[in-house]
Amino acid sequence: MEKPNIHKLKQEMCEIGRRIYAKGFAAGNDGNISFRLGENEVLCTPTMVCKGFMSPDYICTVDMEGKQLSGNRKRTSEVLLHLAIMKERPEIKSVVHCHPPHATAFAVAREPIPQCVLPEVEVFLGDVPITKYETPGGQKFADTILPFVKKTNVIILANHGTVSFGETVEKAYWWTEILDAYCRILMLSKQLGRVSYFSEGETRELLDLKSKWGYADARLAPGMENCDICANDVFRDSWQASGIERKAFDPPPSMARKSGSASNAGVGSSSGSSAGPDAETLIQTITDRVLAALSQR
Ligand SMILES: [Zn+2]
């Protein structure tokens, strides 16, 4: 195997640090970046340093348990989060954690990221999970990503920020930038008053493109054949435990239709999922309509 050019990797980490800071994704000394050099050696950014102004000599080295091996500065306290991801996904080389404001707003509202709105987002991101909240720094916090890490390349950390990962530092960062831009567009279009969703057919076309281009998507995995692809079905089972609830954004139209028919015909023709989520959506739809009617008085 080719030996990695460590100086070049450190330069790349500094460059991504500059982008994170310039984008406003890491206030003060927030955010951290890592790169896996080998079996038991990981480069990571130091604590208490602004990520916008690092030079390669700032970068530390740790082992896979987080013990510092070299570097003049103390390693980030969040390194266990990075290592938890690298342990679960050996092909992952780099992890980027920061606090991009728009994605973090969804983390604070505990609002799931609506799907079936923008083509690129469907292709690149798919369903984005939100973890259960834990105090940052320890192993318990790092372990909050475990239920999701094998099904996605970007995770929202409840009341905290985001973490994304890939085969290079730049790719690890991409998902964060794409996610935050998407969250921003969602918030802006909601302010304009309407968010239009793709139909299920339009989304299936995008997913076909995605698999043609060789990108994996949990919605195409075995067992998900009958899922409602616009309904955040991949990670929806985790919502209750994490306090995630759809409040700000309407459910996608396919779900609203399904609930409608279920109320008329008793049991809906259904997509193979249990009655639970449909019933929940029905209650949500009724609640929304009652509230809308009340507000019109
Ligand atoms: Zn953080």
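Structure's up top.
This text gives an overview of the structure that appears in the document.

About the criteria used
- Residues numbered from 1 in each chain as written.
- Predicted model: local features only at pLDDT ≥ 70, side-chain atom pairs only at ≥ 80, totals over all residues.
- Heavy atoms only, no water.
- Axes fitted to C-alpha atoms, helices over the stretch in contact; angles between N-to-C directions.
- Helix = DSSP H or I, 4+ residues; strand = E, 2+ residues; numbered from the N terminus.
- Parallel < 35°, antiparallel > 145°, perpendicular 65-115°, else oblique.
- Left-handed = near helix turned anticlockwise from the far one by under 90°.
- Contact = heavy atoms within 4.5 Å.
- Salt bridge = Lys/Arg side-chain N within 4 Å of Asp/Glu carboxyl O.
- Buried < 20%, exposed > 50% of the residue type's maximum accessible area, 1.4 Å probe, protein only.
- Core = buried A, V, L, I, M, F, W, Y, C linked by side-chain atoms within 4.5 Å.
- Disulfide = S-S within 2.5 Å.

Some thoughts on the packing of helix H3 (residues 101-109) against helix H6 (residues 169-192)
Consideration 1: Between H3 and H6, the shortest axis-to-axis distance is 7 Å and the interhelical angle comes to 70°. By the angle class used here, H3 and H6 are roughly perpendicular. Crossing of H3 over H6 shows left-handed handedness. Mapping the contact onto sequence places Pro-101, His-102, Ala-103, Ala-105 and Phe-106 in H3 and Leu-179, Asp-180, Cys-183, Arg-184, Leu-186 and Met-187 in H6.

Concerning the pattern of salt bridges
If charged atoms from side chains of opposite charge come close, those side chains can pair.
Consideration 1: Per the stated rule, a full pass over the model turns up 10 salt bridges.
Consideration 2: Residues Lys-87 and Glu-65 are paired through a salt bridge, measuring 3.4 Å at the closest nitrogen-oxygen approach. Of this pair, Lys-87 sits in helix H2 (residues 79-88) while Glu-65 sits in the loop between strand S3 (60-62) and strand S4 (68-70), and the two are 22 residues apart along the sequence.
Consideration 3: Using a relative accessible area of 42% as the deciding quantity, one classes Lys-87 as partly exposed.
Consideration 4: What makes Glu-65 exposed here is its relative accessible area of 57%.
Consideration 5: Here Asp-233 and Arg-236 are joined by a salt bridge, their closest N and O atoms 2.3 Å apart.
Consideration 6: Several salt bridges converge on common partners, so that one network encompasses Glu-15, Arg-18, Arg-19 and Glu-170.

Observations concerning the nonpolar core
One recurring pattern in soluble globular proteins is that nonpolar side chains are buried together.
Consideration 1: Ile-85, Ile-145, Ile-155, Val-163 and Phe-165 are the most contacted members of the largest nonpolar core, which totals 35 residues.
Consideration 2: Counting only elements with at least two residues in this core, the list comes to strand S2 (41-44), S3, H2, helix H5 (139-142), strand S6 (154-157), strand S7 (161-166) and helix H7 (200-212).
Consideration 3: For this core, the leading source of residues is H2, giving 7 residues.
Consideration 4: With residues up to four places along the chain from it excluded, the contact list for Phe-165 reads Ile-85, Arg-89, Ile-92, Ser-94, Val-95, Val-149, Thr-152, Asn-153, Val-154, Ile-155, Ala-172 and Trp-175.

Quick look at the state of the cysteines
Consideration 1: Scanning the model with the defined rule gives 1 disulfide in all.
Consideration 2: The disulfide that involves Cys-116 links it to Cys-230, with 2.2 Å between the sulfurs. Disulfide Cys-116-Cys-230: the torsion about the S-S bond is -95°, which places it as left-handed. Residue Cys-116 is located in the loop between H3 and helix H4 (119-124), and its partner Cys-230 is located in the loop between H7 and helix H8 (239-242); the two are separated by 114 residues in the primary sequence.
Consideration 3: For Cys-116, a relative accessible area of 0% corresponds to the buried category.
Consideration 4: As a non-bridged cysteine, Cys-44 has Cys-60 as the owner of its nearest cysteine sulfur, 4.7 Å distant.

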